[in-house]
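This is what each chain is made of:
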Amino acid sequence: MSNKSQVRVRFAPSPTGDLHVGNIRTALFDWAYARHTGGKLIFRIEDTDKERVTDQYIQAAIDTLKWLGLNWDEGPEVGGEYGPYLQSQRLDIYKTWTEKFLNQGDAYHCYCSSAELEERRQHQMKNHQAPGYDGKCRDLTTQQVADYKSAGREPVVRMRMPKGETVFVDAIRGEVKFEHEYVPDFVLARADGSPLYTLAVAVDDILMKVTHVLRGEDLLSSTPRQIRVYQAMQVAPADYPIFAHLPFVMGQDNAKLSKRNGEVSIAWYREQGFLPEAICNYLALLGWSPGDDKENITMAELVELFTVERVNSSPAKFDIKKLEAINGDKIRALKLDEFLDRSLPFLLSAKIISGSADEIKVLKSALPIIQERIVNLAEIPQMLNFLFVKDFTVSPEELPKILDDASQQVLKVALAKVESLTDWDHQSIEAVLRKALIDELGLKPRIAFSSLRIAVTGSHISPPLFESLELLGKERSITRIKAVISK
Ligand code: GLU
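Residues numbered from 1 in each chain as written. Predicted model: local features only at pLDDT ≥ 70, side-chain atom pairs only at ≥ 80, totals over all residues. Heavy atoms only, no water.

- You'll find the protein chain entered in an unreviewed UniProt entry as Glutamate--tRNA ligase, with Candidatus Nanopelagicus hibericus given as the organism.
- The heading Function (unreviewed entry) in the UniProt record of the protein chain holds the text "Catalyzes the attachment of glutamate to tRNA(Glu) in a two-step reaction: glutamate is first activated by ATP to form Glu-AMP and then transferred to the acceptor end of tRNA(Glu)."
- The annotation that UniProt attaches to the protein chain under Subcellular location (unreviewed entry) is "Cytoplasm". (UniProt positions renumbered as here; feature names shortened; annotations may be inferred.)

This is the structure in structure tokens:
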């Protein structure tokens, strides 16, 4: 989509909370586009709203991008030629431009109070007029200004929207047109001089020589305002960035996913044990496709195949089931050492292990038997707890399930059989138990083995039974079976 020789694309979040699925989908597409074209990714923090953007959220945003492997070429921590990359450190720049716009007559002071604006808005609504600023302060006389000032009013700065329309070509949506009738004069700076988003974003995209703006569709309607700022900056149209508005990400219920909804924060997915490569793989498919039905792609393939032409303009639906399926695939694809590394933080923080060499040895045998079965890493502590727990007992919820006569009978037969086993490997254990419980007692496997599973692992959900018994060892297995028989 580019006729600009050096691609410079930016990811510019306003971290008012943890980054969410929509933000990261944007970051991922920005990153993929920069990497595909050999261009630069600029990471800019839009933190002019200091009440809502906190240092903690800024740090979390930085950490999230790093965790996902979305590295940037300019921005926090790495610096760059066009910094600073935190808007709160660029306030002087915005002030200079605001003054310039005022001097040029592109902008003007507006003294209307919020109460007055609200009253007029209500009036507009009642009369079915387009809501928005009505231009009251556009051409105040010197006397009117003096009166407002002596009444102690502090003005905001508004951009003057000329009559007409703004037309631009969006790389995803084609030609987009906005009639200025619906783009009222907008605020550039508050009464205290602090800039609003529209001013800061437009000034920075120009000063940072951004060539492409790939961002969510929710920002499409702010584009004509940004273009108005470029005009006031006297930028030639050929030097405007190319816009590409990515389709909305909807929830399952077709409602828009929201930033304030904790369920969609990437931090939440991380805690649930989703792998970064699975999140990126899945998010890449929200609005883009590699061109065939392929759904499992690597980051390298994404970089190789990513083009804006392949981005769809219709809304994408977020489907956690699909993300889980991809996560399961990525977990199965991990080599043992890698799987161990990724699992350890979950086991350590759940205090299932302390990280000793003995425990790691056990884990190396245990992880392969659960690798096929889990959807996310957060399931691991619960699944492997039975191997490490010091004072093992069957939970009070599970215990009653194995106290009936039939279960006790199964456990007694199983105990006798495993006690006499000399080779303690899962094949031998399985052979002897199948013969006794299925062939001889005629039980259904599910019935036969569930009592034993609860007795030795403490839960009816566990890794495969015979492998679990092998890992647990003969002595501990026998002790656990005996403990529930005597009850
Ligand atoms: N800072 C804006 C936001 O997080 C996005 C800026 C942009 O991409 O233009 O909503």
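Brief notes about the site of the ligand
Reasoning step 1: Near the ligand you find Arg10, Ala12, Pro13, Ser14, Glu46, Tyr197, Val201, Arg215 and Leu219, and these make up its full shell.
Reasoning step 2: A distance of 2.8 Å separates a nitrogen atom of the ligand from a polar atom in the side chain of Ser14.
Reasoning step 3: Protein burial of the ligand: of its 300 Å² of free accessible surface, 85% is covered by the chains.
Reasoning step 4: Among the residues making up the shell around the ligand, the classes are represented as five nonpolar, one polar and three charged. (Near = heavy atom within 4 Å. Polar contact = N/O pair within 3.5 Å; in protein donor to acceptor, adjacent residues only side chain to side chain. Areas by Shrake-Rupley, 256 points an atom, 1.4 Å probe, with all protein chains shown as cover. Nonpolar A, V, L, I, M, F, W, Y, C, P; charged D, E, K, R; others polar.)

Some words on the packing of helix H15 (residues 405-419) against helix H17 (residues 445-457)
Reasoning step 1: At their nearest, the axes of H15 and H17 sit 9 Å apart, and the two run at 75° to each other. When the axis of H15 is compared with that of H17, the two are roughly perpendicular. Counting all contacts with H15, which are made through Ser407, Val410, Leu411 and Ala414, the residues of H17 involved are Ala448, Ser451, Leu452 and Ala455. (Axes fitted to C-alpha atoms, helices over the stretch in contact; angles between N-to-C directions. Helix = DSSP H or I, 4+ residues; strand = E, 2+ residues; numbered from the N terminus. Parallel < 35°, antiparallel > 145°, perpendicular 65-115°, else oblique. Contact = heavy atoms within 4.5 Å.)

Here we look at the pattern of salt bridges
Reasoning step 1: One pass over the structure, following the stated rule, counts 29 salt bridges.
Reasoning step 2: As a salt-bridge pair, Lys50 and Asp47 come within 3.4 Å of each other at their nearest N and O atoms.
Reasoning step 3: One salt bridge connects Arg52 with Asp49, and the closest N-O pair in it is separated by 3.6 Å.
Reasoning step 4: Salt bridges linked by common partners bring Arg10, Arg44, Glu46, Arg90, Asp204 and Asp205 together as one network. (Salt bridge = Lys/Arg side-chain N within 4 Å of Asp/Glu carboxyl O.)

Here's the deal with the UniProt feature "binding site: Zn(2+)" (unreviewed entry) in the protein chain
Reasoning step 1: Mapped onto the present numbering, the UniProt feature "binding site: Zn(2+)" (unreviewed entry) falls at Cys110, Cys112, Cys137 and Asp139. Taken along the chain, the residues just named run across 30 residues; in space they keep tight, none of their C-alpha pairs more than 13.1 Å apart.
Reasoning step 2: Inspection of the secondary structure puts Cys110 in strand S3 (residues 107-110).
Reasoning step 3: Its place among the elements puts Asp139 in the loop between helix H4 (114-126) and helix H5 (142-150).

Considerations on the packing of aromatic side chains
Reasoning step 1: On inspection of all chains with the given rule, the structure shows 14 aromatic pairs.
Reasoning step 2: The interplanar angle of 50° and the centroid separation of 5.0 Å between the aromatic rings of Tyr230 and Tyr240 together place this pair among those described as tilted. Separated by 10 residues along the polypeptide, Tyr230 in helix H7 (residues 223-232) and Tyr240 in the loop between H7 and strand S9 (242-246) bring together distant segments of the chain.
Reasoning step 3: Assessed through its relative accessible area of 13%, Tyr240 is described here as buried.
Reasoning step 4: These aromatic residues form a ring-pair network of at least three members: Trp268, Tyr269, Phe274, Tyr282 and Phe318.
Reasoning step 5: Sitting above the plane of the Phe29 ring, Arg25 keeps its charged end 5.5 Å from the centroid. (Phe/Tyr/Trp six-rings, centres within 6.5 Å; stacked < 30°, edge-to-face > 60°. Buried < 20%, exposed > 50% of the residue type's maximum accessible area, 1.4 Å probe, protein only. Lys NZ or Arg CZ within 6 Å of the ring centre and 35° of its normal.)

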